Amino acid sequence: MIKINENYKKLQASYLFVEISKRVSEFQKKNPDKEIIRMGIGDVTLPLPAVCTSAMHKAVDDLANAKTFKGYGPEQGYDFLREPIAENDFKSLGVSADEIFVSDGAKCDTANIQELFSQDTVIALPDPVYPVYSDTNVMAGRSGNFINGRYENFIYLDSTEKNNFIPDLPSKKPDLIYLCFPNNPTGATAAKDQLKKWVDYAKENKALILFDAAYEAFIRDASLPKSIFEIAGAKEVAVEFRSFSKTAGFTGVRCGFIAISKECKVWDKEGNSHSLHALWNRRHSTKFNGASYPIQKGAAAIYTPEGKKEVKDMIDYYLTNAKVIRESMEKLGYKCTGGDNSPYVWVKTGKPSWDFFDFLLDKTGVVCTPGAGFGACGEGYVRFSAFNSKEKTEAAMAKVAEFVK
Ligand code: MLT
């Protein structure tokens, strides 16, 4: 008899964005004439930068020619991409090209990395949280049971209005700490001294920080850190995830990377240290055969002068939408966070979040993401994504204003 992984039975309902899609499709079926404006999942709407698509076209031509054809590439990514990543994103921070592992996106990377760690690893994750961090550890059997809205073995790092959505250090000691800044879903950003606290804490406790920087391109405030490696000592205790999805519109074509310093150490049960870089390299080259050549060529084009300009314009466009959302919601009297150095605006609704979601969908056709879907601390909030078009964002806000009136 084939038996299932019992841990899957502990997962709550369906994956958040699947549940939202289900509700939206049901609504659409019942109201075929009603326009839906999607501001739920953070999926981009602008086309890929022209510099990326022309690099991809050229790469496809390479594949059509026996002289330039490519079969399997290096699992860790081609040097033509790893080198500009290291040079542009990490040069002053001392991360080199061979410490970059290119992948098919940050979702898979943040989901997969937990399998390097022991079954009894104590997990700390923010609440509200990007569900992938939590669900993958549930699947791996580290959660314990779901009791009163929380998994009994997880340490929840409450991110609330009280702490400006920047979690405090926990009272119980974790081994593995998930942090994400600019934050998904709250849009909050962490200052250097706030990240330093976490780096020092991880050092003191031989813990590891998994730092999700998928939204770093949205940081416009020069005083804010874009990388955890801006904090002294972070290379020993943190790894960083990055994604081209939100930076350059790659949600559909998929490309991201992890930066793992060779200085980063983890331990076995005898207390001997191991290189996390070597462990990930082992896993990555066993289970992954490299992101596709045309996609990596497209990603590398982002680092050219034209690529940088196109990406900046793209991010500016979405940040303008975020500003529109935040200002409109604030005008209606809602307290908001995010939307300045982030594409997400986190809105305090004063109502249960799924009720607000359903009500908004029903009255206006606008889709947001219910905060409760990201954890207990998200109850009473919804998240708006700025990734729709300018026109639709403005239309959505006009409809919301009408309905709230
Ligand atoms: C989100 O809406 O939170 C993100 O788009 C999800 C993701 O990047 O996987």
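Definitions and limits used
- Residues numbered from 1 in each chain as written.
- Predicted model: local features only at pLDDT ≥ 70, side-chain atom pairs only at ≥ 80, totals over all residues.
- Heavy atoms only, no water.
- Axes fitted to C-alpha atoms, helices over the stretch in contact; angles between N-to-C directions.
- Helix = DSSP H or I, 4+ residues; strand = E, 2+ residues; numbered from the N terminus.
- Left-handed = near helix turned anticlockwise from the far one by under 90°.
- Contact = heavy atoms within 4.5 Å.
- Nonpolar A, V, L, I, M, F, W, Y, C, P; charged D, E, K, R; others polar.
- Pairing = 2+ DSSP bridges.
- Buried < 20%, exposed > 50% of the residue type's maximum accessible area, 1.4 Å probe, protein only.
- Near = heavy atom within 4 Å.
- Polar contact = N/O pair within 3.5 Å; in protein donor to acceptor, adjacent residues only side chain to side chain.
- Areas by Shrake-Rupley, 256 points an atom, 1.4 Å probe, with all protein chains shown as cover.
- Salt bridge = Lys/Arg side-chain N within 4 Å of Asp/Glu carboxyl O.
- Phe/Tyr/Trp six-rings, centres within 6.5 Å; stacked < 30°, edge-to-face > 60°.
- Lys NZ or Arg CZ within 6 Å of the ring centre and 35° of its normal.

Re the packing of helix α1 (residues 16-30) against helix α12 (residues 353-364)
Following both chains from N to C, one finds α1 and α12 inclined at 35 degrees, their axes separated by 11 Å at the closest point. Relative to α12, the crossing made by α1 is right-handed. For the pair α1 and α12, the contacting residues are L16, E19, I20, R23, V24 and F27 in the first and W354, F357, D358, L361 and D362 in the second. Split by residue class, the contact of α1 with α12 holds seven nonpolar, no polar and four charged.

Notes on the sheet that holds strand β9 (residues 238-243)
With respect to topology, seven strands assemble into an open sheet ordered β2-β10-β9-β8-β7-β3-β6, the strand pairing being mixed. The strands lining the two open edges of the sheet, one partner per strand, are β2 (100-103) and β6 (155-158). For this sheet, the mean inter-axis angle between neighbouring strands, taken without regard to orientation, is 20 degrees. Two strands pair when backbone bridges link them, and β2 and strand β10 (residues 256-259) are joined in this way by four bridges, in the antiparallel orientation. Looking at β10, one finds that S103 is bridged to G256. Those strands touched by helix α3 (residues 79-89) are β2, β9 and β10, and its axis lies near 120 degrees from that of β2.

Concerning helix α10 (residues 293-301)
Most of α10 is tucked away, with eight of its nine residues classed as buried. When we look at burial in α10, the residues that qualify are Y293, P294, I295, Q296, G298, A299, A300 and A301.

Side note on the side chain of H277
Structurally, H277 is set in helix α9 (residues 276-287). Beyond its immediate stretch of four places on either side in the chain, H277 contacts D98, E99, F101, I260, S261 and K262.

Some words on the site of the ligand
Around the ligand, the structure places F17, I41, G42, K107, Y130, N184, Y215, K246, Y344 and R383. K246 places a polar side-chain atom, nitrogen or oxygen, 3.0 Å from an oxygen atom of the ligand. Relative to its free-state accessible area of 270 Å², the ligand is covered by the protein chains to the extent of 85%. Taken together, the residues of the shell around the ligand break down into five nonpolar, two polar and three charged.

Comments concerning unusual backbone geometry
Residue P128 is reached from D127 by a cis peptide bond, and omega for that bond is 5 degrees. Here P128 is to be found in the loop between β3 (123-127) and α5 (131-139). The amide bond that connects F181 to the next residue, P182, takes the cis arrangement and shows omega of -10 degrees. By the element assignment, P182 lies in the loop between β7 (176-180) and α6 (192-205). Even without being glycine, N148 reaches a positive phi, approximately 50 degrees. Looking at where N148 falls in the secondary structure, it is placed in the loop between β4 (146-147) and β5 (150-151). Here N164, not a glycine, exhibits a phi torsion of approximately 55 degrees, which is positive.

Concerning the pairing of strand β14 (residues 344-348)
Regular strands have side chains that alternate between both faces of the sheet. Summarising burial for β14: four of the five residues are buried, a large majority. One ladder, built from three bridges, connects strand β13 (residues 336-338) with β14; its direction is antiparallel. Its bridge partner being in β14, C336 is matched across the sheet by V347. The loop that links β13 with its antiparallel partner β14 comprises five residues; one of these, G339, has a positive phi angle of about 85 degrees.

Focus: the pattern of salt bridges
Tallying each qualifying case throughout the model produces 29 salt bridges. Notably, a salt bridge pairs R283 with E115, separated by 3.2 Å at the nearest N-O pair. Placement of R283 in helix α9 and of E115 in the loop between α4 (106-112) and β3 is noted, with a sequence separation of 168 residues between them. On the basis of relative accessible area, R283 is assigned to the buried category, the value being 12%. Close ionic contact of R150 with D158 constitutes a salt bridge, the shortest N to O distance being 2.8 Å. A relative accessible area of 32% means that D158 is categorised as partly exposed. Beyond isolated ion pairs, a larger network of salt bridges with shared partners links D89, E216, K226, E240 and R242.

Side note on the packing of aromatic side chains
Per the counting criterion, the structure on display carries 26 aromatic pairs. Centroid distance F244 to F257: 5.7 Å. Interplanar angle 50 degrees. Geometry classified as tilted. Of this pair, F244 sits in the loop between β9 and α8 (245-248) while F257 sits in strand β10, and the two are 13 residues apart along the sequence. Under the relative-accessibility criterion, F244 is labelled buried at 3%. One aromatic cluster in this structure is built from F90, F229, F244, F250, F257 and Y303. For the cation-ring pair, K297 lies above F80, with the distance from its terminal atom to the ring centre recorded as 4.2 Å. Here the basic side chain of R383 rests over the ring of Y344, its NZ or CZ set 3.8 Å away from the ring centre.

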